[in-house]
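Working through the structure, step by step
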Amino acid sequence: MTDQVIDVTDLRRVYGGGFEAVRGVSFSVGRGELFALLGTNGAGKTSTLELLEGLAAPAGGRVRVLGHDPYAERGAVRHRIGVMLQESGFPSELTVAETVRMWAGCTSGARPIGEALEIVGLGKRSGVRVKMLSGGEKRRLDLATALIGQPEVLFLDEPTTGLDAEGRRETWELVRALRDSGTTVLLTTHYLEEAEHLADRLAIMHEGRIAASGRVADVVAEQPSHVSFELPTGYFVGDLPPLAELGVSEHEVVGGRVLLRTHELQRAATGLLLWARDADVSLGRLDVRAASLEEAFLRIARAAEGATGASGVAAASGAAGVVQKETVA
């Protein structure tokens, strides 16, 4: 990355009635980088994206895309970016090819219509009317129009919503190829696996603010890994080796299931299994799991809401029953 293609400082957006949807957001995206904005519904992702796309003026702060204000200097930016909205609302009676041709007519330096359709897998559907497309095919058409101008910067708002698993994976490969060719990509998504597979860096938004940001691996590494299991009848947590010696920082008992949290997964798992072998104990439903973006997202979101760790973990795991939680000194 040689320069910052997107630069956002203390960005704010206020809707009628005084509702502040974006509250002082700051981040930057380098050339050729893929940056993901995550957050629950209403977190402010789309409101932020629309300001970057130049669809509205910010209530405060500063945004620059390719060195320009995307709203005040729209003419200097628009032909260099591609935008995939959550829903584009194409005329239903036009065919797929007619829709892309219409879009190309409004775009300088447009790629050939057939090429745009082949890229997104709609080459054989060019003569079909938009109203006859499936939800996933309409998202592919949205992507085709976003790519028609061969953009330097690509904004993708929930790009794989409505796609089946195969279509989602194909879109991931396309987005990766675009990034690898030098296109800067900023996307929002509700699929955490999507962000984990695609993003170089990400920001997690909550109630209009950024609650956490950084490289995907770094955000995930801040969260503990898990070892969970069931002890046989007559055994209790106190029968285990000293948890601190296993590198366990925290443990819970949820409905009879023991959950250990650790930043030293190999040490904890090895010590536990050696103890089970020597004690001739069978650990039921043993599950050893490294930290994931999903876990990081859930914990960060709940921490931002001020929830307690116990209730957050119980909700995240979907467990029912009494939760006993202790931090290992």
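Criteria and cut-off values
Residues numbered from 1 in each chain as written. Predicted model: local features only at pLDDT ≥ 70, side-chain atom pairs only at ≥ 80, totals over all residues. Heavy atoms only, no water. Helix = DSSP H or I, 4+ residues; strand = E, 2+ residues; numbered from the N terminus. Buried < 20%, exposed > 50% of the residue type's maximum accessible area, 1.4 Å probe, protein only. Lys, Arg positive; Asp, Glu negative; His and termini not counted. Charge placed at Lys NZ, Arg CZ, Asp CG, Glu CD. Axes fitted to C-alpha atoms, helices over the stretch in contact; angles between N-to-C directions. Parallel < 35°, antiparallel > 145°, perpendicular 65-115°, else oblique. Contact = heavy atoms within 4.5 Å. Nonpolar A, V, L, I, M, F, W, Y, C, P; charged D, E, K, R; others polar. Salt bridge = Lys/Arg side-chain N within 4 Å of Asp/Glu carboxyl O. 1 Å grid on protein atoms, 1.4 Å probe; cavity = no way out; pocket = protein on both sides within 12 Å on 5 of 7 lines; lining within 4 Å. Points joined across faces, edges and corners; volume = space filled by probe spheres on them. Arc of directions from axis to C-beta. Core = buried A, V, L, I, M, F, W, Y, C linked by side-chain atoms within 4.5 Å. pLDDT = per-residue confidence, 0-100. Pairing = 2+ DSSP bridges. Patch = residues over 30% accessible without salt bridge, like charges linked within 9 Å, V, L, I, M, F, W, Y side chains within 5 Å. Areas by Shrake-Rupley, 256 points an atom, 1.4 Å probe, with all protein chains shown as cover.

**Here's the deal with the overall build of the chain**
If you tally the helices and strands in the chain, you get 11 helices and 14 strands. Seen through its C-alpha atoms, the chain measures out along the principal axes to roughly 75 × 45 × 40 Å. Residues counted as buried form 47% of the 329 residues belonging to the chain. Mean positive and mean negative side-chain charge positions of the chain (35 and 44 charges, respectively) differ by 5 Å.

**Looking at the packing of helix α5 (residues 135-147) against helix α6 (residues 165-180)**
Remark: α5 packs on α6, axes separated minimally by 12 Å, with the N-to-C direction vectors making an angle of 10 degrees. The pairing of α5 with α6 is recorded here as roughly parallel in orientation. Contacts between α5 and α6 pair Arg140, Leu143 and Leu147 from the former with Gly167, Glu170, Thr171, Leu174 and Leu178 from the latter. In terms of residue class, the contact of α5 with α6 is built from 4 nonpolar, 2 polar and 2 charged.

**Thoughts on the pattern of salt bridges**
Under the definition given, this model contains 27 salt bridges. Salt bridges sharing common partners tie together Asp3, Arg31, Arg80 and Glu152.

**Some thoughts on the layout of surface pockets**
One simple way to see leftover space: roll a probe sized like a water molecule over the atoms. In this model, the second largest pocket occupies a volume close to 270 Å³. What lines the second largest pocket is a set of 13 residues, among which Glu87, Ser88, Gly89, Lys138 and Asp142 lie closest to the centre. Across the lining of the second largest pocket, the residue classes break down as 2 nonpolar, 5 polar and 6 charged.

**Side note on helix α3 (residues 96-104)**
Regarding α3, the residues found buried are Val96, Ala97, Thr99, Val100 and Ala104. Take α3 and look down its axis: the buried residues cluster within an arc of 160 degrees, on one side only. In this structure, the buried side of α3 is in contact with α4 (113-119) and α5.

**Looking at the nonpolar core**
Soluble globular proteins tend to bury their nonpolar side chains together. Judged by nonpolar contacts, the single largest core of 46 residues is most densely connected at Leu38, Val100, Leu117, Leu141, Leu156 and Leu202. For this core, the element with the most residues is α5, which contributes 5 residues. Sequence-distant contacts of Leu156, defined by excluding residues within four places in its chain, comprise Leu49, Met84, Leu143, Val175, Val185, Leu186, Leu187 and Thr188.

**Section: the environment of Arg299**
Note that Arg299 resides in helix α10 (residues 293-304). What makes Arg299 partly exposed here is its relative accessible area of 29%. Expressed as a C-alpha distance, the spacing of Arg299 and Gln223, which sit 76 residues apart in the sequence, is 8.2 Å.

**With respect to the confidence of the model for the chain**
Averaged over all residues, the pLDDT of the chain equals 89, while 92% of them reach at least 70. With pLDDT under 50 throughout, residues 307-327 is counted as low confidence; its partners more than four residues away or in other chains account for 33 contacts.

**A few points about the sheet that holds strand β3 (residues 34-39)**
Spatially, β5-β6-β7-β3-β8-β9 is the arrangement adopted by the 6 strands of the open sheet, whose pairing is mixed. At either margin of the open sheet sits one strand with a lone partner, and together these are β5 (81-84) and β9 (209-215). The sheet shows a mean angle of 15 degrees between the axes of neighbouring strands, taken without regard to direction. Note that β3 and strand β8 (residues 201-206) share 5 bridges and pair parallel. Bridge pairing links Ala36 to Leu202 in β8. Taken strand by strand, α10 contacts β3, β8 and β9, and its axis lies near 35 degrees from that of β8.

**Things to note about the sheet that holds strand β1 (residues 4-14)**
One open sheet accounts for 3 strands, arranged β2-β1-β4; its pairing is antiparallel. Looking at the sheet topology across the chains shown, the edges are occupied by β2 (20-30) and β4 (60-65). Within this sheet the neighbouring strands show an average axis-to-axis angle of 15 degrees, counted without direction. Against the sheet, helix α1 (residues 45-52) touches β1, β2 and β4, its axis set at about 120 degrees to β1.

**Describing a nonpolar patch on the surface**
Residues Leu273, Leu286 and Val288 make up a contiguous nonpolar surface patch of roughly 230 Å² in combined accessible area. Topologically, Val288 is positioned in strand β13 (residues 284-289).

**A short note on the pairing of strand β7 (residues 184-188)**
Taken residue by residue, a regular strand's side chains alternate between the two faces of the sheet. With respect to burial, β7 is a largely interior element, 5 of its 5 residues being buried. Of the two faces of β7, the one carrying Thr184, Leu186 and Thr188 and the one carrying Val185 and Leu187 are both buried. For β3 and β7, the ladder comprises 4 bridges, and the chain directions are parallel. Each residue of the ladder has a partner; that of Ala36, found in β7, is Leu187. Summarising the sheet, strand β6 (residues 153-157) and β7 pair through 5 bridges and their orientation is parallel.

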